[in-house]
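# Structural characterization, general
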Amino acid sequence: MMEAQWTPTPCPRPPSVVFLLMATSCTWLLPVTAPQRVPIDPQAAPEYAHSIRLDGDIVLGGLFPVHSRGDRGTPCGDLKKEKGIHRLEAMMFAVDLINKDPELLPNITLGARILDTCSRDTYALEQSLTFVQALIERDGSDVRCANGDPPIFTKPDKIVGVIGAAASSVSIMVANILRLFKIPQISYASTAPELSDNTRYDFFSRVVPPDSYQAQAMMDIVTAMEWSYVSTLASEGNYGESGVEAFVQISRETGGVCIAQSLKIPREPRKGEFDKIIRRLLETSNARAVIMFANEDDIREVLDAAKKNNQTGHFLWVGSDSWGSKIAPVIGQEREAEGAITILPKRASIDAFDRYFRSRSLSNNRRNVWFAEFWEENFNCKLGMHGKRPGSLKKCTGLEKVGRDSSYEQEGKVQFVMDAVYAMAHALHRMHRDLCYGYPGLCPRMASSIDGKELLSYIRAVNFNGSAGTPVVFNENGDAPGRYDIFQYQITNRSTAEYRVIGSWINKLHLNVEAMRWKKGDPSLPPSVCSIPCRAGERKKVVKGVPCCWHCERCEGYHFQASEFTCELCPYEKRPDANRTGCVPIPIIKLEWHSPWAVFPVFISMLGIIATSFVIVTFVRHNDTPIVRASGREMSYVLLTGIFLCYAITFLMIAAPDVGVCSFRRIFLGLGMCFSYAALLTKTNRIHRIFEQGKKSVTAPRFISPASQLAITFSLISVQLLGVFVWFAVDPPHTVVDYGEQRTQNPTSARGVLKCDISDLSLICSLGYSILLMVTCTVYAIKTRGVPETFNEAKPIGFTMYTTCIIWLAFIPIFFGTSQSAERMYIQTTTLTISLSLSASVSLGMLYMPKVYVILFHPEQNVPKRKRSFKAIVTAATMSGKLSQKGDRPNGEVKTELCESMETNSDFIN
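Note that the coordinates shown come from a computational prediction; the quantities given were computed from them, not determined experimentally.

One way to say it: the disulfide is the covalent bond shared by the sulfur atoms of two cysteines. Taken as a whole and assessed by the stated rule, the structure comprises 6 disulfides. A sulfur-sulfur separation of 1.7 Å characterises the disulfide bridge that pairs Cys76 with Cys118. Between Cys76 and Cys118 the disulfide shows an S-S torsion of about 85°. By sign, it is right-handed. Pair noted here: Cys76 is in strand β4 (residues 76-79) and Cys118 is in the loop between β5 (110-116) and α4 (121-128), with a separation of 42 residues, a long-range link. Judged by its relative accessible area of 0%, Cys118 is buried. The disulfide bridge from Cys555 ends at Cys567, spanning 1.7 Å between sulfur atoms. Judged by the sign of its S-S torsion, about -65°, the cystine formed by Cys555 and Cys567 is left-handed. Here Cys567 lies in strand β24 (residues 567-569) and Cys555 lies in the loop between β22 (546-554) and β23 (559-561), a separation of 12 residues in the sequence.

Pasting the structure below:
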């Protein structure tokens with residue numbers, strides 16, 4: 001049967017519901033009550049009369065500005081790649097994720113019907129009538145096809161909820177229709193305060209905060225900047241006018257901020273309109289701060305007009321979220337936008353969407369009817385003869401890749417689009433759980449009809465973590481909570497421009513003024529005041545030719561008010577007083593014993609000294625027992641002395657600096673480590689030489705007697721002492737007050753630090769020799785790792801050195817990485833003392849605690865063993881390497897057997 005040929009006629013007497021829709025003119029009824037007709041000539045079809053249809057058990061509507069507003073009577077203009085394609089793809093991506101999620105709407109498929117608003121409210125209204133077709137009863141009695149047969153009507157999709165729209169004016173227009181049919185609507189970008197009116201827009205919700213929060217945030221910024229004289233600028237329409245109105249209302253209620261001018265940008269600005277706006281703003285030139293609620297096209301024109309009028313750097317722009325962190329308004333006009341403060345709802349880039357969108361191609365994304373047009377626009381090419389882009393462009397191959405062959409950056413509202421879809425899905429999920437409990441898929445109660453008012457109550461009750469991890473909730477008016485990031489458009493020293501986060505607003509302002517930069521990188525706050533008496537600590541900057549008006553500039557940093565018109569820098573050892581009318585000495589501090597930075601190191605040191613003393617006493621009392629003798633008594637006492645000194649240096653490092661303390665610091669800072677690692681190096685070298693010699697001959701190597709070992713150890717220690725004495729001669733110890741270490745940007749936090757004159761380089765030199773000994777000892781520990789563990793603690797020494805190396809490897813970046821920190825003195829002192837104590841604790845714990853344990857609790861093991869000759873010992877050690885290479889016996893078995901056979905000879909080697 002042929003389709004009916006429909007001829008537009010004047011509206012017949014409409015049913016009662018039609019009277020509610022008359023605002024869109026009479027002809028809107030035609031596509032609603034008429035059957036859908038496919039034009040015979042495809043080229044005759046309206047260019048943008050397309051929609052995306054995704055089948056599902058439950059269908060959501062979507063409204064996106066795929067195209068810009070058209071000119072000269074055409075409804076649609078150019079394609080919007082980011083605001084249009086990115087956002088609608090985000091909705092389809094969210095629908096895909098929900099359909100794959102077994103926990104969310106299980107056994108229920110979510111569908112979508114996505115329409116293009118063409119960034120025009122009237123056109124969006126016509127398009128949105130598609131969503132209510134299923135709810136309007138059609139009367140086809142007066143309709144006939146060309147052959148006289150009755151028409152066949154296509155059953156429209158039943159839309160249960162709508163995602164969108166973007167512009168506030170579009171959302172207001174659409175919300176007026178959807179509320180009549182009780183279809184809930186969740187917007188991802190509309191922020192007009194008017195939409196918070198729950199009596200007029202009761203079925204409207206949004207995942208972005210309204211401009212009333214935004215206006216409060218902007219007011220808080222202006223107050224924090226001490227700007228009391230500002231102008232406002234708004235684009236004509238609900239968004240701009242209502243935003244400025246909210247700002248003005250807040251300024252009246254709070255006081256302290258005066259509005260110099262409130263200007264409006266016409267919806268269809270004439271030529272020269274923006275130059276006129278700049279001239280109007282200059283009439284009150286002291287009101288340099290301009291509060292802007294304008295769309296990005298108007299923002300760009302305003303900046304261009306400021307450039308034409310040579311006002312670069314004069315205005316202090318404070319932009320709403322329509323500016324946010326967008327590049328489009330400022331590209332090519334970076335100097336004019338420099339210093340602009342903008343706000344944007346807190347958001348994050350969704351990595352999963354980036355992967356999804358980069359994988360889209362012409363072959364795998366046929367469901368998006370606008371994707372071919374996007375492809376041409378994005379890659380600047382033409383798809384065949386019927387491509388939409390004019391001119392002699394290259395032909396698209398279809399093999400192009402998003403992000404590889406074109407630039408790609410995720411559009412800022414993608415997160416909110418996904419959150420809006422998920423909010424609708426969570427509401428439907430809870431509704432299904434309550435109405436269809438235990439029923440797989442849609443139960444009859446939801447399959448026949450979903451009550452929009454009931455669904456709305458579930459939407460308002462959702463509470464889940466959105467795609468960026470932030471909570472998604474709605475208040476009683478359907479508004480999301482106010483969470484904003486505050487940006488400033490800055491030009492760095494390398495002449496690169498970028499938006500930098502300088503604060504946030506979550507119910508109150510958190511602003512990092514120190515991070516702000518203005519023209520030419522100036523960190524001082526520019527004024528926007530007029531004829532206000534300057535406070536103490538501020539100087540007057542009189543406006544040329546207008547003596548009654550002046551700018552008040554606060555004496556920042558370490559400057560104080562020298563006169564009514566000048567600020568001067570305080571001497572280096574002083575800072576401004578509280579009123580900045582003079583200078584006072586900077587307080588001098590040192591590390592106090594009661595400071596948390598000192599208490600913990602002292603506690604560790606005291607425990608270490610007690611433990612070391614206990615070990616020394618135990619060894620002295622059992623000096624002639626086999627275990628003490630096998631440990632090498634002389635070398636053990638040298639090593640324990642070094643451990644004791646490592647703990648004791650903590651008290652010198654924390655003590656109040658004076659010449660005596662500084663002298664002892666120089667002596668003992670590296671001496672304790674030198675004692676410890678010189679002894680350990682001598683031990684490991686001795687073991688290595690013994691077993692290396694054993695591989696060649698059965699004669700014992702030279703210099704393995706206790707006296708020789710002590711001589712070697714003290715020779716190594718004498719190098720450290722010689723270096724310290726040279727240091728004393730070249731640079732005698734003394735104290736200094738360092739005013740630069742804690743010279744913060746805020747002078748009230750500045751402190752002079754009383755310290756010894758030990759520089760970082762001197763510290764490296766003092767500890768460098770000990771670290772060299774430690775590294776050398778570690779090398780020998782590695783070389784002797786294969787020695788049976790009963791031979792002179794080879795493996796415990798190895799573990800000790802490995803752990804010590806790790807401690808000092810961690811120490812180096814912490815110590816030197818905090819050299820620019822204001823807490824440098826505390827962090828470095830604590831890090832150094834704890835590192836020394838930890839390295840001492842490792843040596844004490846691994847080398848001596850097991851021996852003390854045997855001495856005190858297992859004296860039956862502390863008995864003499866059978867001694868064998870050096871030849872037998874060396875032969876057994878040599879067999880260890882050979883037997884471990886044979887495959888007829890497990891290595892572990894051979895080693896165990898060898899160790900057991902050699903255990904009795906450890907005392908000989910020691």
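The subject of this paragraph is the sheet that holds strand β29 (residues 751-756). With mixed pairing, 3 strands are arranged side by side in an open sheet as β27-β29-β28. Edge positions in the sheet fall to β27 (588-589) and β28 (735-742), since each of these pairs with one other strand and no more. Pairing of β28 with β29, which is carried by 5 bridges, proceeds in the antiparallel orientation. Note on β29: the bridge partner recorded for Gln742 is Arg751.

Once that is clear, we can look at empty space enclosed by the protein. If you roll a probe as big as a water molecule over the atoms, it shows you where there is empty space left. Counted under the stated rule, the structure contains 2 cavities of 30 Å³ or more. One number sums up the size of the largest cavity: a volume of about 140 Å³. Contributing to the lining of the largest cavity are 15 residues, with Val207, Phe416, Thr470, Pro471 and Arg483 lying nearest its centre. Listing elements by their share of the lining of the largest cavity, those giving two or more residues are α13 (414-435) and β17 (471-472). Element by element, the count of residues in the lining of the largest cavity is highest for α13, at 3 residues.

All right, on to the packing of aromatic side chains then. When we look at a pair of aromatic rings, we describe it by the centre distance and by the angle of the planes. Evaluation of the coordinates by the stated rule reveals 23 aromatic pairs. Ring centres of Phe487 and Tyr499 lie 6.5 Å apart, and the angle between their planes is 85°; on these two criteria the pair is classed as edge-to-face. Here Phe487 is found in strand β18 (residues 484-491), whereas its partner Tyr499 is found in strand β19 (residues 497-505), with 12 residues between them in sequence. The burial state of Phe487 is the same as that of Tyr499; both residues are buried. When the centroid spacing of 5.3 Å and the interplanar angle of 40° are considered together, the rings of Tyr853 and Phe857 count as tilted. Here Tyr853 pairs with Phe857, and both are found in helix α24 (residues 849-857), just 4 residues apart, close to one helical turn. Cluster of aromatic residues (ring-pair linked, three or more members): Phe93, Phe353, Tyr356, Phe357, Phe371, Phe374, Trp375, Phe379 and Tyr408. Arg666 extends its terminal NZ or CZ atom over the ring of Phe728, reaching a point 5.7 Å from the ring centre.

Contact geometry for helix α18 (residues 633-654) and helix α23 (residues 824-847): axes closest at 9 Å, N-to-C directions at 160°. One finds that α18 runs roughly antiparallel with respect to α23. Crossing handedness for the pair α18 and α23: left-handed. Residue-level contacts link Leu639, Leu640, Ile643, Cys646, Tyr647, Ile649, Thr650 and Met653 of α18 to Thr829, Leu832, Thr833, Leu836, Ser837, Ala840, Ser841, Ser843, Leu844 and Leu847 of α23. Here the contact of α18 with α23 is composed, by residue class, of 12 nonpolar, 6 polar and no charged.

Strand order in the open sheet made by the 8 strands is β10-β9-β11-β12-β13-β18-β19-β20, with mixed pairing throughout. Bordering the open sheet on either side are β10 (258-265) and β20 (509-511), each of which pairs with just one other strand. Between one strand axis and the next, the sheet turns through 25° on average, direction left out of account. Taken together, the 2 bridges between strand β12 (residues 316-319) and strand β13 (residues 341-345) define a ladder with parallel strand orientation. Directly across from Val318, in β13, lies its bridge partner Ile341. Its contacts with the sheet place helix α7 (residues 238-254) against β9 (229-235), β10 and β11 (289-293), and it is angled at close to 155° to β9. Across the sheet, helix α9 (residues 296-308) lies against β9, β10, β11 and β12, angled at about 180° from β12, the strand it touches most.

Judged by how many residues are buried, β18 sits mostly within the fold: 8 of 8 residues are covered. As paired elements, β13 and β18 share 5 bridges and run antiparallel to each other. Bridging across to β18, Pro345 finds its partner in Tyr484. Where β18 and β19 come together, 8 bridges link them in antiparallel fashion. Across the sheet, the residue bridging to Ile491 is Ala497, located in β19.

Right, let's talk about α7 for a bit. Its 17 residues place the ends of α7 24 Å apart at the C-alpha level, agreeing with the 24 Å of an ideal helix rising 1.5 Å per residue. Among the residues of α7, Tyr239, Gly240, Ser242, Gly243, Val244, Ala246, Phe247, Val248, Ile250 and Ser251 are the ones counted as buried. Check the buried side of α7 and you find it contacts α5 (168-178), α6 (211-224), β9, β10 and β11. With its phi angle positive at about 75°, Gly255 sits one or two positions after the end of α7.

What follows deals with the packing of α13 against helix α15 (residues 452-460). In contact at an axis separation of 8 Å, α13 and α15 are set at 115° when each is read in the N-to-C sense. Pair α13 / α15 crosses with right-handed handedness. Contacts between α13 and α15 involve Met424, Ala427, Leu428, Arg430, Met431, Asp434 and Leu435 from the first element and Glu454, Leu455, Tyr458 and Ile459 from the second. Among the residues forming the contact of α13 with α15, the class breakdown is 8 nonpolar, no polar and 3 charged.

The next point concerns the pattern of salt bridges. The final tally for this structure, using the stated rule, is 23 salt bridges. Between Glu273 and Arg270 there is a salt bridge; the shortest N-O distance is 3.9 Å. By relative accessible area, Glu273 is classed as buried at 12%. The exposed category is assigned to Arg270, whose relative accessible area is 61%. Via salt bridges that share partners, Lys83, Glu296 and Lys326 belong to a single interconnected network.

Parameters at a glance
- Throughout, a residue's number is its position along its own chain's written sequence, starting from 1.
- Since the coordinates come from a predicted model, pLDDT governs what is reported: local features require at least 70, and pairs of side-chain atoms require 80 or more to be given and counted, while whole-chain, interface and lining totals use all residues.
- For side-chain calculations, the full set of non-hydrogen atoms in the structure is used, while hydrogens and water are omitted.
- The disulfide criterion is simple: two cysteine sulfur atoms within 2.5 Å.
- The numbering of helices and of strands both runs from the N terminus, where a helix is a DSSP run of H or I of at least 4 residues and a strand a run of E of at least 2.
- Relative accessibility thresholds used throughout: buried, under 20% of the residue-type maximum; exposed, over 50%; partly exposed, between the two (1.4 Å probe, protein chains only).
- Two strands qualify as a pair provided that DSSP identifies no fewer than 2 bridges between them.
- The rule is simple: put a 1 Å grid over the protein atoms alone, call a set of points where a 1.4 Å probe fits but cannot get out a cavity, call an open set with protein on both sides within 12 Å along at least five of seven lines a pocket, and count a residue as lining if it has an atom within 4 Å of a point.
- Grid points are joined across faces, edges and corners, and a volume is the space filled by probe spheres set on the points.
- Classification of ring pairs uses Phe, Tyr and Trp, with its six-membered ring standing for Trp, and accepts pairs whose centres are within 6.5 Å; under 30 degrees between planes counts as stacked, over 60 as edge-to-face, and the remaining range as tilted.
- A positively charged side chain is recorded as over a ring if its NZ (Lys) or CZ (Arg) lies within 6 Å of the ring centre. The angle to the ring normal must also be within 35 degrees.
- Working convention: axes come from line fits to C-alpha atoms, limited for helices to the stretch in contact. Angles between N-to-C directions cover 0 to 180 degrees.
- Here is the rule for angles: anything less than 35 degrees is roughly parallel, anything more than 145 is roughly antiparallel, 65 through 115 is roughly perpendicular, and the remaining ranges are oblique.
- For a crossing to be left-handed, the near helix must be turned anticlockwise from the far one by less than a right angle; the clockwise case is right-handed.
- Note on contacts: a residue pair qualifies if any of its non-hydrogen atoms lie within 4.5 Å across the two residues.
- Classification used: nonpolar for Ala, Val, Leu, Ile, Met, Phe, Trp, Tyr, Cys and Pro, charged for Asp, Glu, Lys and Arg, polar for all others including Gly.
- Take the number of residues in a helix, subtract one, and multiply by 1.5 Å to get its expected span.
- Here, a salt bridge means any Lys or Arg side-chain nitrogen found within 4 Å of an Asp or Glu carboxyl oxygen.

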